[in-house]
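Okay, here's what each chain looks like letter by letter:
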Amino acid sequence: MKLPVLYALYERYDGRLDSLAESCPLDPENRVGGSGVLHLLDATPTIEDLARAMIATSDNAATNQLIDLLGMAAVNDSAAKLGMGNTRLARKMMTTLEATNFEASGIHVPEDEPANVTAPFDCARFFADIACEATLSADAYERMRIPLSAQKDTSMIPRYLPYENDAAHKTGWLPTAALDAGLLSVPDGDTPLAFAVFADNVPHGADAADAIAEIGDAVFSWLR
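Residues numbered from 1 in each chain as written. Predicted model: local features only at pLDDT ≥ 70, side-chain atom pairs only at ≥ 80, totals over all residues. Heavy atoms only, no water.

## As for a nonpolar patch on the surface
Then, in step 1: Taken together, the side chains of Val37, Leu40 and Leu41 make up a nonpolar region of the molecular surface, amounting to roughly 290 Å² of accessible area.
Then, in step 2: The residue Leu41 is located in the loop between α1 (2-13) and α2 (47-56) in this model. (Patch = residues over 30% accessible without salt bridge, like charges linked within 9 Å, V, L, I, M, F, W, Y side chains within 5 Å. Areas by Shrake-Rupley, 256 points an atom, 1.4 Å probe, with all protein chains shown as cover. Salt bridge = Lys/Arg side-chain N within 4 Å of Asp/Glu carboxyl O. Helix = DSSP H or I, 4+ residues; strand = E, 2+ residues; numbered from the N terminus.)

As structure tokens, this is what we get:
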């Protein structure tokens, strides 16, 4: 879900990227736990600090602050613009269905469906847009790539790949699922491979991560 938030931010600030250096303190209600460390720090990040923490360390507090800055409607509009038809942001990170006023947002969430949803092909579309630089300025894409290339979770697609192999990607975890999506440089090729691999319905998210790592190794070996 953090990918369309990233895109919506750079879409809004494209043409005035220097404004991303403005301070954006964390509101108390956004200091949720889970991934990331900003909720532990007594510091005032910039808007771009929040974006980079949201991606590189999957910081939930940073994500929630950016959702407040942008608005959920803007994030969902950006997802639709990219053709991410099965992606919907309906709540902040580390909140429950009971704590979200879906009627006010006009979004219907069935009892057996998670509030936030996406799909592998949608994530691949996001990264294809980055690879082709199709909708934003070159400067915006350059800055978006920085935290994607600095992804701190390398336990999935990059796990068995050569250290020097470049990957710009975003991982995600749930108790019984894991996912990795991004761009992977290929041997002797100028065009990166856009990938999105989701594994779910497993006993533990670590099992899903192991499966995704094996897929990454197999694909890279085939490409070589």
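## Quick notes on the nonpolar core
Then, in step 1: With 42 residues, the main nonpolar core has Leu6, Leu9, Tyr10, Phe126, Met144 and Leu148 as its most contacted residues.
Then, in step 2: Taken together, the elements giving at least two residues each to this core come down to α1, α2, α3 (60-70), α4 (72-81), α6 (120-132), α7 (138-149) and β2 (177-184).
Then, in step 3: Grouped together as the second largest cluster of nonpolar side chains are 13 residues, Met156, Phe195, Val197 and Ala199 included. (Core = buried A, V, L, I, M, F, W, Y, C linked by side-chain atoms within 4.5 Å. Buried < 20%, exposed > 50% of the residue type's maximum accessible area, 1.4 Å probe, protein only.)

## Overview of the layout of surface pockets
Then, in step 1: Empty space within the largest pocket amounts to approximately 1100 Å³.
Then, in step 2: Forming the boundary of the largest pocket are 36 residues, of which Met1, Gly172, Trp173, Leu174 and Leu179 lie nearest the centre.
Then, in step 3: Partitioned by chemical class, the residues of the lining of the largest pocket number 17 nonpolar, 14 polar and five charged.
Then, in step 4: As a volume, the second largest pocket reaches approximately 490 Å³.
Then, in step 5: Every residue lining the second largest pocket is counted, 22 residues in all, and those nearest its centre are Ser149, Asn165, Asp166, Ala167 and Ala168.
Then, in step 6: Secondary-structure elements contributing two or more residues to the lining of the second largest pocket are α6, α7, β1 (167-174) and β2.
Then, in step 7: Looking at which element gives the most residues to the lining of the second largest pocket, the answer is β1, with three residues. (1 Å grid on protein atoms, 1.4 Å probe; cavity = no way out; pocket = protein on both sides within 12 Å on 5 of 7 lines; lining within 4 Å. Points joined across faces, edges and corners; volume = space filled by probe spheres on them. Nonpolar A, V, L, I, M, F, W, Y, C, P; charged D, E, K, R; others polar.)

## Structural notes on helix α8 (residues 205-223)
Then, in step 1: Taking 1.5 Å as the rise per residue, α8 with 19 residues should run 27 Å; its terminal C-alpha atoms sit 27 Å apart, in good agreement.
Then, in step 2: Every buried residue of α8 is accounted for by Gly205, Ala208, Ala209, Ile212, Ala213, Gly216 and Phe220. Projected onto a plane normal to the axis of α8, the buried residues spread over an arc of 140° and lie on a single side.
Then, in step 3: Its buried side turned inward, α8 meets β1, β2 and β3 (193-199). (Expected span 1.5 Å × (residues − 1). Arc of directions from axis to C-beta. Contact = heavy atoms within 4.5 Å.)

## A look at the packing of aromatic side chains
Then, in step 1: Per the counting criterion, the structure on display carries one aromatic pair.
Then, in step 2: Taken together, a centroid distance of 4.9 Å and an interplanar angle of 85° make the contact between Phe126 and Phe127 edge-to-face.
Then, in step 3: For Phe126, a relative accessible area of 0% translates into the label buried.
Then, in step 4: Judged by its relative accessible area of 0%, Phe127 falls in the buried class.
Then, in step 5: The positively charged end of Arg16 is found above the aromatic ring belonging to Tyr13, 4.3 Å away from the centroid. (Phe/Tyr/Trp six-rings, centres within 6.5 Å; stacked < 30°, edge-to-face > 60°. Lys NZ or Arg CZ within 6 Å of the ring centre and 35° of its normal.)

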